[in-house]
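Below, each chain spelled out in residue letters.
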Amino acid sequence: MIGSLFVTGPAGTGKSTFCGAYKDWLVQNDYDAIIVNLDPGAEYLPYEPDIDIRGFISLNEVMSAYSLGPNGAQVVAADLLLDNVDKIKSKLELYDDYYVIFDTPGQIELFTFRPGSPLLVKSLAGEKAMIAFIADSMVSQTPSGFISEKMLFGSVYSRFFVPMMFVLNKIDLIGEDKVKEITGWEENPDLLYDSFRDENTDSVKDYFLNVITALKDSDIINKIIPVSSKDSFGFEDIYTGMSDFFQGGEDTDTMYKDD
Ligand SMILES: Nc1nc2c(ncn2[C@@H]2O[C@H](COP(=O)(O)OP(=O)(O)OP(=O)(O)O)[C@@H](O)[C@H]2O)c(=O)[nH]1
Ligand SMILES: [Mg+2]
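On a predicted model such as this, the values are computed, not experimentally measured, just so you know.

Engineer: An account of the overall build of the protein is needed here, citing residue identities and associated values.
Structural biologist: Scanning the protein from terminus to terminus reveals 13 helices and 7 strands. A compact globule built from 259 residues should have a C-alpha radius of gyration of about 18 Å, and the protein, at 19 Å, falls within 12% of that. The C-alpha extent of the protein, read off along each of the three principal axes, is 50 × 45 × 35 Å. Counting across all 259 residues of the protein, residues that qualify as buried make up 50%. With the model as given, the accessible surface of the protein reaches about 12300 Å², and the carbon-plus-sulfur share is 48%. When the 20 positive and 43 negative side-chain charges of the protein are each reduced to one mean point, those points stand 4 Å apart.

Engineer: Give a detailed account of the site of ligand 1, specifying residues and quantitative values.
Structural biologist: Of all residues adjacent to ligand 1, which total 15 residues, the nearest are Lys 15, Ser 16, Thr 17, Asp 172 and Ser 229. For ligand 1, an oxygen atom lies 2.9 Å from a polar atom in the backbone of Gly 12. Note that an oxygen atom of ligand 1 is positioned 3.3 Å from one of the backbone N or O atoms of Thr 13. Among the elements that line the shell around ligand 1, the one with the most residues is helix H1 (residues 15-28), at 3 residues. For the shell around ligand 1, the residue count by class is 2 nonpolar, 9 polar and 4 charged.

Engineer: I'd like a rundown of the packing of helix H4 (residues 85-92) against helix H6 (residues 117-125), residues and numbers included.
Structural biologist: It is at 10 Å that the axes of H4 and H6 come closest, and there the two elements cross at 30°. Classed by the angle they form, the pair H4 and H6 counts as roughly parallel. Classified by chirality, the crossing of H6 by H4 is right-handed. Across from Val 85, Ile 88, Lys 89 and Leu 92 in H4, the residues of H6 making contact are Leu 120, Ser 123 and Leu 124. Class assignment of the residues belonging to the contact of H4 with H6 gives a composition of 5 nonpolar, 1 polar and 1 charged.

Engineer: Summarise the side chain of Ser 4; cite the residues concerned and give the values.
Structural biologist: Note on placement: Ser 4 falls in strand E1 (residues 3-8). If we skip the residues at most four places from it in the chain, Ser 4 touches Val 100, Phe 102, Ala 125, Lys 128, Ala 129, Met 130, Met 242 and Phe 246.

Cut-offs and rules
Residues numbered from 1 in each chain as written. Chains lettered and ligands numbered in written order. Predicted model: local features only at pLDDT ≥ 70, side-chain atom pairs only at ≥ 80, totals over all residues. Heavy atoms only, no water. Helix = DSSP H or I, 4+ residues; strand = E, 2+ residues; numbered from the N terminus. Rg over C-alpha atoms; globule rule 2.2 N^0.38 Å. Buried < 20%, exposed > 50% of the residue type's maximum accessible area, 1.4 Å probe, protein only. Areas by Shrake-Rupley, 256 points an atom, 1.4 Å probe, with all protein chains shown as cover. Lys, Arg positive; Asp, Glu negative; His and termini not counted. Charge placed at Lys NZ, Arg CZ, Asp CG, Glu CD. Near = heavy atom within 4 Å. Polar contact = N/O pair within 3.5 Å; in protein donor to acceptor, adjacent residues only side chain to side chain. Nonpolar A, V, L, I, M, F, W, Y, C, P; charged D, E, K, R; others polar. Axes fitted to C-alpha atoms, helices over the stretch in contact; angles between N-to-C directions. Parallel < 35°, antiparallel > 145°, perpendicular 65-115°, else oblique. Left-handed = near helix turned anticlockwise from the far one by under 90°. Contact = heavy atoms within 4.5 Å.

Quick look at the structure:
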């Protein structure tokens, strides 16, 4: 593996669509890439996985073996991912010089907040792991939505401590001016605070000011990549982020590594 991208984010933000479209973009640009589906509960995928956890874990079997409903079975299936690491790794060995994109379970907590997940990432990718946090533009277009997504991004970072990108997906739904406004918030948190004040005149301003300041100070607010997985827009920036980190581009130290 040259490097890997674990794709996570809230349900329905476009993780699987992003995985498929980004792999297609990589292949069209002559980079070798595969997708590993790590979502045992996926009924439909908008791509053909090269390695598929559903070959090892069946949600229906988990439901009957543990007498669980679909939600409980999803949790057990997520925990069983770690038991199947060796099987996935032996398949990954066939793809030595490839970028590997990991699609993760639909509900973010099944990947991010299960105890075994950091070990899963470490076991599958070692030091060659990055995370793409997929945020939905429709949510991020309001200041409160944007701050909430950034805080979730920070939660994911707190679990894995690997380099992360904040991928603002579905920008085709919000238009260029909104994208500029959101990236403006990223560049200047004072603008975010002003927009937030306009949005929520009655809310607890000190709380949000403190949150914005903390995000700014921790550098969590500085890594947005706008994309549209529908239009295959913005993937070059994703690739640049990956190649900088995995192959030592000049921005590597400042962008992705803590001091
Ligand atoms: N307009 C638009 N729609 C998108 C984009 N990316 C994904 N979608 C749509 O968003 C919906 C959810 O996409 P998925 O890729 O299934 O999202 P997901 O995060 O994998 O969903 P779960 O795994 O079920 O949580 C689908 O209807 C996609 O077609 C995008 O860039 N633009
Ligand atoms: Mg999905």
